[in-house]
Amino acid sequence: MSQSLSSECTPLKKEYDSCFNSWFEGYLEPAVANSKSPEVRAAYSKQKADEFNLKCGKIWEQYRTCVQVQQAVKEKGLDKLLQQAREENPLVDPIPPLPTQPSSK
Amino acid sequence: MRFFSQSFVYDDSWSIVALAFFLRYPNPYASHVISCDVISREQTPSGSLVTTRLILKKGAMPRWFPKGIVSRAESWVIEESEVDPFGKVVRCVTKNLDHVKVMQVEESVQFAQNAEGKTLQHTEARIVSRFGWGLTKKIENHGLTRFKANMQRSREGVSLILSLIRESRLQPM
């Protein structure tokens, strides 16, 4: 796991990353794959969010606060650039299928 | 503007490639990555995970580039990704936040499960320079050459991480 932009936050980042990664492994393989039902997806989202908060919520808050408190982002003049980039490129889901992808249905 | 696109198939399943993609820093093929932070991460009601990461990368200016214009050859990169575990798709867009007038590289990559249970990676890149001074084309061509070379290294990095994950799970391919 790589460094944080502020060395003060690197230990927190590493702890967060390893907690997230083990949560993420499970997140990637929902028991009901390929569900189009919004209810199934919403329930899964809720269940996984709860699981994440229980396991990693605390370290995530600490890590995020550290990056913010260091004001590393702001000091480096990045806040405006970030805002701009996100407005230009808002992510909306669900993701449309790849045009070149052979159908897996 | 220079445009580039390429597709590639990994033999591994989508979930392992998606994991490797998010674990790809650091690796020996990405020594140019100085730092990488998660700025925000949220789950959408539809079950997707949306992440913004801020990455600092080291770069090098070509020898022919005029001196004194770019004071430090480092670049902040924003990476926005969305992971849909139901549709088995990762979509990720990255672009540099500074030096954008010299050159902006916007890369979008998708990892999707294909019919054989393997993982298709599709990458597109747009390379734009607004530098002028008769150098625009040269800068864009240079950017394209570098992008292609970096893509090869990036894939080697992901492949290395994939083999490490396989090893740790003791699931030989």
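Residues numbered from 1 in each chain as written. Chains lettered and ligands numbered in written order. Predicted model: local features only at pLDDT ≥ 70, side-chain atom pairs only at ≥ 80, totals over all residues. Heavy atoms only, no water.

Across its full length, chain B holds two helices and seven strands. A compact globule built from 173 residues would reach a C-alpha radius of gyration of about 16 Å, and chain B, at 17 Å, matches this within 12%. In terms of overall dimensions, chain B has a C-alpha envelope of 55 × 35 × 30 Å along the principal axes. For chain B, the proportion of its 173 residues judged to be buried stands at 52%. At a minimum sequence separation of 6, the contacts of chain B that also span at least 24 residues come to 56%. As presented, chain B carries roughly 7800 Å² of accessible surface, and 54% of it is formed by carbon and sulfur atoms. With 24 positive and 17 negative side-chain charges, chain B shows a spacing of 9 Å between the two charge centroids. (Helix = DSSP H or I, 4+ residues; strand = E, 2+ residues; numbered from the N terminus. Rg over C-alpha atoms; globule rule 2.2 N^0.38 Å. Buried < 20%, exposed > 50% of the residue type's maximum accessible area, 1.4 Å probe, protein only. Contact = heavy atoms within 4.5 Å. Areas by Shrake-Rupley, 256 points an atom, 1.4 Å probe, with all protein chains shown as cover. Lys, Arg positive; Asp, Glu negative; His and termini not counted. Charge placed at Lys NZ, Arg CZ, Asp CG, Glu CD.)

Turning to the overall build of chain A, a few remarks are in order. On a plain count of helices and strands, chain A comes out with four helices and zero strands. Order of helices (α) and strands (β) in chain A, N terminus to C terminus: α-α-α-α. Here chain A holds 105 residues, and the buried ones make up 38% of them. Here the analysis covers contacts within chain A between residues at least 6 apart in sequence; of these, 58% occur between residues at least 24 apart.

What follows concerns the interface of chain A and chain B. On the chain B side, the residues contacting the 51 residues of chain A number 50 residues. Carbon and sulfur atoms supply 61% of the area that chain A and chain B bury against each other, a total of about 4600 Å² over both sides. Connecting chain A to chain B are one salt bridge. For the salt bridge of Arg41 of chain A with Asp84 of chain B, the shortest nitrogen-to-oxygen distance reads 3.6 Å. Our enumeration of links across chain A and chain B arrives at 15 residue pairs in polar contact (both at pLDDT 80 or more). Of all the elements in the fold, those that place two or more residues in the side of chain A that touches chain B are helix H1 (10–27), helix H2 (38–69) and helix H4 (78–88) of chain A. Residue contributions to the side of chain A that touches chain B peak at eleven residues, all from H2 of chain A. Class assignment for the residues of the side of chain A that touches chain B results in 29 nonpolar, twelve polar and ten charged. (Buried area = accessible area lost by both parts, 1.4 Å probe. Salt bridge = Lys/Arg side-chain N within 4 Å of Asp/Glu carboxyl O. Polar contact = N/O pair within 3.5 Å; in protein donor to acceptor, adjacent residues only side chain to side chain. Nonpolar A, V, L, I, M, F, W, Y, C, P; charged D, E, K, R; others polar.)

Ranked by internal contacts, the top residues of the largest apolar core, which has 47 residues, are Tyr16 and Phe24 of chain A together with Leu54, Val83, Val90, Leu97 and Phe111 of chain B. Leave out the neighbours within four places in its chain, and Val83 of chain B touches Phe24, Tyr27 and Leu28 of chain A together with Trp14, Phe22, Gly47, Ser48, Leu49, Val89 and Val90 of chain B. (Core = buried A, V, L, I, M, F, W, Y, C linked by side-chain atoms within 4.5 Å.)

Regular strands place side chains that alternate from one sheet face to the opposite one. Residues and elements named next belong to chain B. Judged by how many residues are buried, strand S5 (residues 89–96) sits mostly within the fold: eight of eight residues are covered. Alternating residues of S5 divide into Val89, Arg91, Val93 and Lys95 and Val90, Cys92, Thr94 and Asn96, and every residue in both groups is buried. As defined by bridge partners, strand S4 (residues 74–84) adjoins S5 across eight bridges and the pair is classed as antiparallel. Looking across to S5, one finds that Glu82 is bridged to Arg91. Hairpin connection of S4 to S5: four residues between the antiparallel strands, including Lys88 at a positive phi of 55°. In terms of strand pairing, S5 meets strand S6 (residues 104–113) through seven bridges, oriented antiparallel. Paired with Cys92 across the strands is Val109, a residue of S6. (Pairing = 2+ DSSP bridges.)

Below, the discussion takes up the sheet that holds S4 of chain B. Strand order in the open sheet made by the seven strands is S1-S7-S6-S5-S4-S3-S2 (chain B), with antiparallel pairing throughout. Sheet topology places strand S1 (2–10) and strand S2 (33–43) of chain B at the edges, where each strand pairs with a single neighbour. On average, each strand axis in the sheet is inclined to that of its neighbour by 15°, with strand direction left out of account. Where H1 of chain A meets the sheet, it contacts S2, strand S3 (49–58) and S4 of chain B, and its direction lies at approximately 50° from that of S2 of chain B. (Axes fitted to C-alpha atoms, helices over the stretch in contact; angles between N-to-C directions.)

So, about the state of the cysteines. Residues and elements named next belong to chain A. Under the defined criterion, the tally for this structure stands at two disulfides over all chains. Here Cys9 connects covalently by a disulfide to Cys66, the sulfurs 2.2 Å from one another. Classification of the bridge connecting Cys9 and Cys66 rests on its S-S torsion, roughly -90°, and on that basis the disulfide is left-handed. Of this pair, Cys9 sits in the segment before H1 while Cys66 sits in helix H2, and the two are 57 residues apart along the sequence. Its relative accessible area of 0% is what places Cys9 among the buried residues. On the basis of relative accessibility, which here comes to 12%, the residue Cys66 falls in the buried class. A disulfide bridge connects Cys19 with Cys56, and the sulfur atoms are separated by 2.1 Å. On the S-S bond that ties Cys19 to Cys56, the torsion sits near -85°, and the link is left-handed. (Disulfide = S-S within 2.5 Å.)

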